[in-house]
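If you want the building blocks of each chain, they are given just below.
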Amino acid sequence: MSLPRYLIALAIPLWLSACGGSTSVKPESATPAASKPGTSTTAPPKRGGYYLDDGPGDNPPADIDAIPDAVPRAEALLPRANRPYIALGVSYKPMTEYQPYKQRGIASWYGRRYHGQKTSSGEIYDMYGMTGAHTTLPLPSYVRVTNPDNGRSVIVRINDRGPFHSDRIIDLSYAAAYKLRLSEKGSGLVDVEAIDTRPGAKPLPSVVTPTPAVPTPPPGAPVADTPLPQPITANALPQVDNTASIASGDYVQVGAFKLQSNADALSSRIREQGLAGNVATQSWYNNGTYRVLLGPYSSRAEADRAAANIKQTLGTTAIVIRK
């Protein structure tokens, strides 16, 4: 990320020497002690893996999975962005031409805190674009990133520097992390492979992302219907097609179904087991989908506790949304 962002965001000057230029460091690595030449202080990583108070955007696209991958193409490298540099006492020498690169390691991601800010390449960071940051791969270049736990794979364009942590090999945009199913955890194991975009280069084999299997419902759960995928993060209550009014507050969304009978059955089960406490449990219709909502709760903390309890008891997805 560019230096002005961190001067504004953290008010901590962090000068990084380079041969004829400068670069910047993501704020999780930027501390007052680290601003002194020749010293290196690394703050312990926060739970979740992304930076400080960073996180998903408040109004994400309706279908992040539909965002297309970056399309590899031959591009001229940016001389200033590929000069050797020093970050937190560690020297980095970026590649100035394509070299085979394939490595397994930990990926993290960055989101709303840097959305709209300049990257090391001078481009504007878009958390819903398919981009990434790397310490030494050429700017710009392209890589395939694969989550070995689920086989999901994306192609991103490297246009930024980072992460400056010895235990991480790449920073991903929020959209890329979401598509790999890493955004909820914040970080995770990935395989990174550089893509050769030179004329006549042999393309990487195509990868088909597997469709996740539908889990077997617990005894007594609604049947004869396939639960629809739910977003990993939701920050706004969807518009509803029914006329019932919804009070403002925090809600827990437990399931989404094509058939109202299944949504009603889940609502009844939740009430019978006392999982909703004193709040209402109803199924709300929206654009062909019946969503089971509990709420409103008196606070976000209470909604979080209810969601955790439902996950543990029913073994199903439960997310907190706010209207």
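Keep in mind that what you see is a predicted model, and the values were worked out from it rather than measured.

**Quick notes on the overall build of the protein**
When you go through the protein residue by residue, the secondary structure sums to four helices and 12 strands. Here the protein holds 323 residues, and the buried ones make up 47% of them. When contacts within the protein are restricted to residue pairs at least 6 apart in sequence, those whose partners lie at least 24 apart make up 74%. Summed over all atoms, the accessible surface of the protein reaches about 16,100 Å², with 53% contributed by carbon and sulfur.

**A few points about the nonpolar core**
Across soluble globular proteins, nonpolar side chains have a tendency to be buried as a group. Core analysis: the largest hydrophobic core is formed by 38 residues, its most contacted members being Val143, Val145, Val156, Ile170 and Leu172. Among the secondary structure elements, those contributing two or more residues to this core are β3 (102-110), β5 (141-146), β6 (153-160), β7 (170-173), α2 (174-179) and β8 (187-194). Among the elements that take part in this core, α2 stands out by supplying five residues, more than any other. If we ignore the near neighbours within four places in the chain, the residues touching Leu172 are Ala107, Ser108, Trp109, Tyr110, Tyr125, Thr131, Gly132, Val145, Val156, Ala177, Leu180 and Leu182. Among the nonpolar cores identified, the runner-up in size contains 20 residues, and Val252, Val254, Tyr290 and Leu314 belong to it.

**Points about the environment of Arg104**
With respect to the helices, strands and loops of the structure, Arg104 is situated in strand β3. Each C-alpha atom, one on Arg104 and one on Glu193, is 8.8 Å from the other, the two residues being 89 residues apart in sequence. Excluding anything up to four places from it in sequence, Arg104 contacts Pro148, Ile169, Leu189, Val190 and Asp191. Of note is the side chain of Arg104, whose polar atom sits 2.6 Å from the side chain of Asp191.

**Details of the pattern of salt bridges**
Opposite charge on two side chains allows them to pair when their charged atoms are near. Taken as a whole and assessed by the stated rule, the structure comprises nine salt bridges. Across the pair Asp167 and Arg168 runs a salt bridge, and its minimum N-O distance is 4.0 Å. Its relative accessible area of 6% is what places Arg168 among the buried residues. The structure contains a network of salt bridges with shared partners spanning Arg73, Glu75, Glu123 and Arg157.

**Some thoughts on the packing of aromatic side chains**
Two aromatic rings, taken as a pair, are described by how far apart their centres are and by the angle between their planes. Taken as a whole and assessed by the stated rule, the structure comprises eight aromatic pairs. On the numbers, 6.0 Å between centres and 85° between planes, the contact of Tyr85 with Phe164 is edge-to-face. Here Phe164 lies in the loop between β6 and β7 and Tyr85 lies in strand β1 (residues 85-87), a separation of 79 residues in the sequence. Neither Tyr85 nor Phe164 differs from the other in exposure class; each is buried. Arranged with centres 5.1 Å apart and planes meeting at 55°, the rings of Trp109 and Tyr174 form a pair that is tilted. Taken together, the residues Trp109 in strand β3 and Tyr174 in helix α2 connect sequence positions 65 residues apart. With a relative accessible area of 1%, Tyr174 lands in the buried category. Cluster of aromatic residues (ring-pair linked, three or more members): Trp109, Tyr128, Tyr174 and Tyr178.

**Topic: the sheet that holds β5**
On the basis of which strands lie adjacent, the closed barrel formed by six strands has the order β3-β7-β4-β6-β5-β8 and mixed pairing. Between one strand and the next, the sheet's axes are offset by a mean angle of 45°, whatever the strand orientation. Note that strand β4 (residues 131-133) and β7 share two bridges and pair antiparallel. Across the sheet, residue Ala133 finds its bridge partner in β7, namely Asp171.

Cut-off values and rules
- Residues numbered from 1 in each chain as written.
- Predicted model: local features only at pLDDT ≥ 70, side-chain atom pairs only at ≥ 80, totals over all residues.
- Heavy atoms only, no water.
- Helix = DSSP H or I, 4+ residues; strand = E, 2+ residues; numbered from the N terminus.
- Buried < 20%, exposed > 50% of the residue type's maximum accessible area, 1.4 Å probe, protein only.
- Contact = heavy atoms within 4.5 Å.
- Areas by Shrake-Rupley, 256 points an atom, 1.4 Å probe, with all protein chains shown as cover.
- Core = buried A, V, L, I, M, F, W, Y, C linked by side-chain atoms within 4.5 Å.
- Polar contact = N/O pair within 3.5 Å; in protein donor to acceptor, adjacent residues only side chain to side chain.
- Salt bridge = Lys/Arg side-chain N within 4 Å of Asp/Glu carboxyl O.
- Phe/Tyr/Trp six-rings, centres within 6.5 Å; stacked < 30°, edge-to-face > 60°.
- Pairing = 2+ DSSP bridges.
- Axes fitted to C-alpha atoms, helices over the stretch in contact; angles between N-to-C directions.

Remember, this is a structural readout, not a statement about activity or role.
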